[in-house]
Amino acid sequence: MTMIIDALDNLSLYETLNPLFGEVVEFLKNNNLAKMEAGKHAIKGDDLFVNIQHAKGRTPDTAVLETHRQMIDIQIPLDGPETFGFTPLGHLPEAPYDAEKDISFYPDLMAESFIDCQPGMFAIFFPQDGHAPCITFAPEIKKAIFKVKA
């Protein structure tokens, strides 16, 4: 399985990929992400939550690749387009892993490819997907990141 990008209306098509994806679909039906306060919102304990962020915009050469071992990211831009850098984990060198934050960073590498995601779309990044988020021409982007136990 590798990263997925699609329209939010199609997220239910991917429910069979993870038992918690259906709960993300239900949450989206019952909540307006654009009106939610910034911060972490619990859905199912540590197994499923959403972070609403106002993140600093980055350029392709300043966006930092990252990977996660325990969680899947479903990233949704809310107020403007977002570009994601992508490099498969198998193409990345060993990097320190912060188990508490479930993250490894690859700060000196440019992503191999880039994908654009508009509001009304989502990108799913699995543990084997290196991704560089927050690439945008805007100084800041509002986004939702669902963290789903892999």
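Reference entry: report on the structure contained in this document. Because the structure is a prediction, the values reported are computed rather than measured.

**Describing the layout of surface pockets**
Moving on, step 1. Estimates place the volume of the largest pocket at around 590 Å³.
Moving on, step 2. If you trace the largest pocket, you find 25 residues lining it, with Q53, E66, H68, I103 and K147 closest to the centre.
Moving on, step 3. Of all the secondary-structure elements, those providing two or more residues to the lining of the largest pocket are β3 (48-56), β5 (71-77), β8 (103-106), β11 (129-135) and β12 (140-149).
Moving on, step 4. Counting residues per element, the lining of the largest pocket draws most heavily on β3, which supplies five residues.
Moving on, step 5. Of the residues assigned to the lining of the largest pocket, the class counts are nine nonpolar, four polar and twelve charged.
Moving on, step 6. In this structure, the second largest pocket is lined by 13 residues; those nearest its centre are T83, D116, I135, T136 and F137.
Moving on, step 7. When residues of the lining of the second largest pocket are traced back to their parent elements, those giving at least two are β6 (82-88) and β9 (113-117).
Moving on, step 8. By residue class, the composition of the lining of the second largest pocket is six nonpolar, four polar and three charged.

**Notes on the nonpolar core**
Moving on, step 1. Core analysis: the biggest nonpolar cluster contains 22 residues, and F21, L33, I74, F122, I124, F146 and V148 have the highest contact counts within it.
Moving on, step 2. Elements with a minimum of two residues in this core: α1 (21-30), β3, β5, β10 (121-125) and β12.
Moving on, step 3. Of all the elements, α1 adds the most residues to this core, at four residues.
Moving on, step 4. If we skip the residues at most four places from it in the chain, L33 touches F27, L28, I52, I76, L78, K142, A144 and F146.
Moving on, step 5. Core analysis: the next-biggest nonpolar cluster, separate from the first, contains eight residues, L65, A111, A132 and I135 among them.

**Some remarks on the side chain of D6**
Moving on, step 1. The residue D6 is located in strand β1 (residues 4-7) in this model.
Moving on, step 2. It turns out D6 is buried and unbridged, and the closest side chain with the opposite charge, K29, is 15 Å from it.
Moving on, step 3. Of the polar contacts made by the side chain of D6, one reaches the side chain of N10; its length is 2.9 Å.
Moving on, step 4. A distance of 2.6 Å separates a polar atom in the side chain of D6 from a polar atom in the side chain of Y14.

Cut-offs used in this document
- Residues numbered from 1 in each chain as written.
- Predicted model: local features only at pLDDT ≥ 70, side-chain atom pairs only at ≥ 80, totals over all residues.
- Heavy atoms only, no water.
- 1 Å grid on protein atoms, 1.4 Å probe; cavity = no way out; pocket = protein on both sides within 12 Å on 5 of 7 lines; lining within 4 Å.
- Points joined across faces, edges and corners; volume = space filled by probe spheres on them.
- Helix = DSSP H or I, 4+ residues; strand = E, 2+ residues; numbered from the N terminus.
- Nonpolar A, V, L, I, M, F, W, Y, C, P; charged D, E, K, R; others polar.
- Core = buried A, V, L, I, M, F, W, Y, C linked by side-chain atoms within 4.5 Å.
- Buried < 20%, exposed > 50% of the residue type's maximum accessible area, 1.4 Å probe, protein only.
- Contact = heavy atoms within 4.5 Å.
- Lys, Arg positive; Asp, Glu negative; His and termini not counted.
- Salt bridge = Lys/Arg side-chain N within 4 Å of Asp/Glu carboxyl O.
- Polar contact = N/O pair within 3.5 Å; in protein donor to acceptor, adjacent residues only side chain to side chain.

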